[in-house]
Amino acid sequence: VQLQASGGGLVQPGGSLRLSCAASGSIPRINVMGWYRQAPGNERELVATITTGGMTNYADFVKGRFTISRDNARETVYLQMNSLKPEDTAVYYCNLRNFYRFQENYWGQGTQVTVSS
């Protein structure tokens, strides 16, 4: 499975960005796609996930600001990020894992998001 993320960039505080991640290859039919992020000096942390059936999970620090969605026909997951804050600055990584086998776990290459005036 290959994951190709895009959509990062530089945005001012309060602005918005939309990340996309397209999966290809031998994708597990039932899976969880999501976004994680890692800021310099910090561990990678969960941002949001969404299952094939549309169940979502968000980190508390993005609730009400970020929305995760997916297009199963295109095997693509999106992260709409609104009201961005400087502390959202990080490399954002796309993830896909098999819903039934956590060991089957794939990562994209990461996309930089910088929130700064």
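Source: prediction; values computed, not measured.

What counts, and where the lines are drawn
- Residues numbered from 1 in each chain as written.
- Predicted model: local features only at pLDDT ≥ 70, side-chain atom pairs only at ≥ 80, totals over all residues.
- Heavy atoms only, no water.
- Salt bridge = Lys/Arg side-chain N within 4 Å of Asp/Glu carboxyl O.
- Helix = DSSP H or I, 4+ residues; strand = E, 2+ residues; numbered from the N terminus.
- Core = buried A, V, L, I, M, F, W, Y, C linked by side-chain atoms within 4.5 Å.
- Buried < 20%, exposed > 50% of the residue type's maximum accessible area, 1.4 Å probe, protein only.
- Contact = heavy atoms within 4.5 Å.
- Pairing = 2+ DSSP bridges.

K.L.:
Quick question: what am I supposed to make of the pattern of salt bridges here?
P.N.:
Any two side chains of opposite charge can pair if their charged atoms end up close together. Evaluated as defined, the whole model comprises 6 salt bridges. Between E45 and R37 there is a salt bridge, and its shortest N-O distance comes to 2.9 Å. One network of salt bridges, in which partners are shared, links R37, E45, R65 and D88.

K.L.:
So what exactly am I meant to see when it comes to unusual backbone geometry here?
P.N.:
Peptide bonds are mostly trans, and most non-glycine residues show a negative phi. The phi dihedral of E75 falls on the positive side, at around 50°, and the residue is not glycine. Unlike most non-glycine residues, S83 shows phi in positive territory, near 50°. Topologically, S83 is positioned in the loop between β8 (76-81) and β9 (90-98).

K.L.:
Please explain the nonpolar core as it appears in this structure.
P.N.:
Generally speaking, a soluble globular protein has its nonpolar side chains buried in company with each other. Residues W35, L79, M81 and Y92 are the most contacted members of the largest nonpolar core, which totals 27 residues. For this core, the secondary-structure elements that each account for two or more residues are β1 (2-6), β3 (17-24), β4 (31-38), β5 (45-51), β7 (66-71), β8, β9 and β11 (111-115). Look past the residues within four positions of L79 in its chain and what remains in contact with it is L17, R18, L19, W35, V47, A48, F66, T67, I68 and Y92.

K.L.:
Just to check I follow, could you spell out the environment of V113 for this structure?
P.N.:
On the secondary structure map, V113 appears in strand β11. Sequence separation between V113 and D88 is 25 residues, and the spatial gap between their C-alpha atoms is 7.6 Å.

K.L.:
Hey, could you run me through the pairing of β5 in this one?
P.N.:
In summary, the side chains of a regular strand alternate between the two faces of the sheet. The buried fraction of β5 is high, at 5 of 7 residues. Examined bridge by bridge, β4 and β5 share 6 bridges and lie antiparallel to one another. By the bridge assignment, G34 is partnered in β5 with T49. The antiparallel pairing of β4 with β5 creates a hairpin that spans 6 residues between the two strands, and G41 there sits at a positive phi of about 85°. Bridge count between β5 and strand β6 (residues 56-58): 3 bridges; the pairing is antiparallel. Each residue of the ladder has a partner; that of T49, found in β6, is N57. Hairpin connection from β5 to β6: 4 residues lie between these consecutive antiparallel strands, with G54 at a positive phi of about 100°.

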